[in-house]
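# Structural features, examined
So the chains spell out like this:
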Amino acid sequence: MASEFKLAPSILSADFSDLRSALKICEEGGAHWIHIDVMDNQFVPNLTLGPPIVKKLRPHSSQYFDVHMMVVEPEKLVESFADAGADGITFHIEASDNPKAVIDLIHAAGKDAGLSIKPATPLSEIEPFLDLIDILLVMSVEPGFGGQGFVNGSAERIQKLRKRLNERGLSDRVTLVVDGGVKLHNAKEVLDAGADVLVAGSEVFESENPIETIKSFYRIGNP
Ligand code: DX5
Ligand code: ZN
């Protein structure tokens, strides 16, 4: 692992009518990041939220806002999410013909640039961009919905990407985030494979005591 473990609870599984409480839960549990899933009903068959909601949430949290854009034409949203208070802005390699241009836009907006890859996309597609990004978000489910099972073979993909980052001397610069199907029962396996940050939605927000669940993740991540 490149750095201290961090959890990014995904508010996709929180109560959308009470997101302030979700932020408070994350703070009280000690979560470092807030994972915000943006879906456009084009790149994925689901629709969630956009910059105006992020802007309204911003004053209620000092955590790192990790915006995960599952959208076509990501370049059109970079500036709005930057203005809304995102800290990191991640887009999908499958959604862009010119990933470098989008990365440059994110950096020009003064934000951390993230690139995400779906489970079936060859890792070779993302490799040319590893030295340009701050966040590598490896999907371990098909993007679109919370509560799915961790896709078989994801741990091997994480291992391969970690190995690449190490070989290229990028492990200190790039944060490897794993998103989808991450639960308390497989958190250690995912961390051992090479994740720095775990995204967890349903496991946190559908648990009886989300604050305790966040703390349990940290006990696994920082034994
Ligand atoms: C799925 C999203 C994930 C989702 C994870 O498209 O990108 O961030 O919230 O949810 P769980 O942890 O329930 O798999
Ligand atoms: Zn996500």
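Here goes a summary of the coordinates provided. The numbering scheme is per chain: residues are counted from 1 as the chain's sequence reads. The naming scheme follows written order: chains are lettered A onward, ligands numbered 1 onward. Residues qualify for local features only when their pLDDT is at least 70, as the model is predicted, and side-chain atom pairs are given and counted only at 80 or more; totals for whole chains, interfaces and linings, by contrast, use all residues. Side-chain metrics in this entry use all non-hydrogen atoms of the structure; hydrogen atoms and water are not considered.

## Description of the overall build of the protein
Helix and strand definitions follow DSSP, with helices as H or I runs of at least four residues and strands as E runs of at least two, each counted in order from the N terminus. Helix and strand counts for the protein come out as 8 helices and 8 strands. Both definitions apply: the radius of gyration is a C-alpha atom measure, and the globule rule equals 2.2 Å times residues to the power 0.38. The globule rule puts the C-alpha radius of gyration for 223 residues at 17 Å, and the 16 Å found for the protein is close to it. The C-alpha extent of the protein, read off along each of the three principal axes, is 40 × 35 × 30 Å. Three labels apply to residues, based on accessible area from a 1.4 Å probe with only protein chains included: buried if under 20% of the type maximum, exposed if over 50%, partly exposed otherwise in between. Across the 223 residues that make up the protein, the buried fraction comes to 55%. Of the roughly 9600 Å² of accessible surface on the protein, a fraction of 48% belongs to carbon and sulfur atoms. Note on areas: Shrake-Rupley with a 1.4 Å probe; residue coverage comes only from the protein chains shown.

## Considering the packing of helix H1 (residues 19–29) against helix H8 (residues 210–221)
Orientation is described by axes fitted as lines to C-alpha atoms, over the contacting stretch for helices, and by angles from 0 to 180 degrees between their N-to-C directions. Two elements in contact, H1 and H8, have axes separated by 8 Å at closest approach and are oriented at 40 degrees. By the angle between their axes, H1 is oblique relative to H8. The two elements H1 and H8 meet at a crossing, and its hand is right-handed. Facing Ile25, Cys26, Glu28 and Gly29 of H1, the residues of H8 in contact are Pro210, Ile211, Ile214 and Lys215. Throughout, the ten residues Ala, Val, Leu, Ile, Met, Phe, Trp, Tyr, Cys and Pro are labelled nonpolar, Asp, Glu, Lys and Arg are labelled charged, and all others, Gly among them, are labelled polar. The residue inventory of the contact of H1 with H8, partitioned by class, reads 5 nonpolar, 1 polar and 2 charged. Put simply, angles under 35 degrees are roughly parallel, angles over 145 are roughly antiparallel, angles from 65 to 115 are roughly perpendicular, and the rest are oblique. If you view the pair so one helix is near and one far, a crossing is left-handed when the near helix is turned anticlockwise from the far one by less than a right angle, and right-handed when it is turned clockwise. Note on contacts: a residue pair qualifies if any of its non-hydrogen atoms lie within 4.5 Å across the two residues.

## Observations regarding the nonpolar core
Each nonpolar core is a collection of buried residues, namely Ala, Val, Leu, Ile, Met, Phe, Trp, Tyr and Cys, held together in the definition by side-chain atoms within 4.5 Å. The biggest cluster of nonpolar side chains holds 61 residues, and the ones touching the most others in it are Leu7, Ile11, Leu136, Leu198 and Phe217. Here Leu7 is in contact with Ala31, His32, Trp33, Leu198, Ala200, Val204, Ile214, Phe217 and Tyr218, once residues within four sequence places are set aside. Counting residues in each nonpolar core, the second largest holds 10 residues, with Tyr64, Ile135, Leu137 and Val141 among its members.

## With respect to the coordination of the zinc ion (ligand 2)
Only N, O and S atoms count as donors, using a 2.8 Å limit from the metal and a wider 3.2 Å limit for Na, K and Ca, and since water is excluded some coordination spheres may look unfilled. Each protein donor to the zinc ion (ligand 2) is listed here as His35 (NE2), Asp37 (OD), His68 (ND1) and Asp179 (OD); together their distances run 2.0 to 2.3 Å. Of note, the zinc ion (ligand 2) draws all its donor residues from one chain, in the sequence arrangement H-x1-D-x30-H-x110-D. Placement of His35 in strand S2 (residues 33–39) and of Asp179 in strand S7 (residues 175–179) is noted, with a sequence separation of 144 residues between them. Across the pair, exposure class does not vary: His35 and Asp179 are buried alike.

## Points about the site of ligand 1
In the neighbourhood of ligand 1, 20 residues make up the surrounding shell, with Asp37, Gly144, Gly147, Asp179 and Ser202 lying closest. In the model, an oxygen atom of ligand 1 is placed 3.3 Å from a nitrogen or oxygen of the His68 side chain. At a separation of 2.8 Å, an oxygen atom of ligand 1 approaches a polar backbone atom of Gly147. In the complex, the protein chains occlude 100% of the 380 Å² of accessible area that ligand 1 would expose alone. Near is defined per residue: the residue qualifies when any heavy atom it owns lies within 4 Å of the molecule or strand. Identification of polar contacts relies on pairs of N or O atoms within 3.5 Å, with a donor-acceptor requirement for protein atoms, meaning one able to donate a hydrogen and the other able to accept it, and with residues adjacent in sequence counted only if both atoms are side-chain atoms.

## Structural notes on the pairing of strand S4 (residues 88–92)
By the criterion of burial, S4 is predominantly enclosed, with 5 of the 5 residues buried. Side chains of S4 alternate between two faces, with Gly88, Thr90 and His92 and Ile89 and Phe91 buried alike. Pairing between strands requires that DSSP locate at least two bridges from one strand to the other. Summarising the sheet, strand S3 (residues 64–70) and S4 pair through 3 bridges and their orientation is parallel. Bridge pairing links Asp66 to Gly88 in S4. On the question of chirality, the crossover connecting S3 to the parallel S4 by way of helix H3 (residues 78–84) is right-handed. Here S4 pairs with strand S5 (residues 112–117) via 5 bridges, running parallel. Bridge pairing links Phe91 to Leu115 in S5. Between S4 and its parallel partner S5, the chain crosses via helix H4 (residues 99–108), and the hand of that crossover is right-handed. By convention, orient the strands away from the viewer: a clockwise path from the first strand over the helix to the second makes the crossover right-handed.

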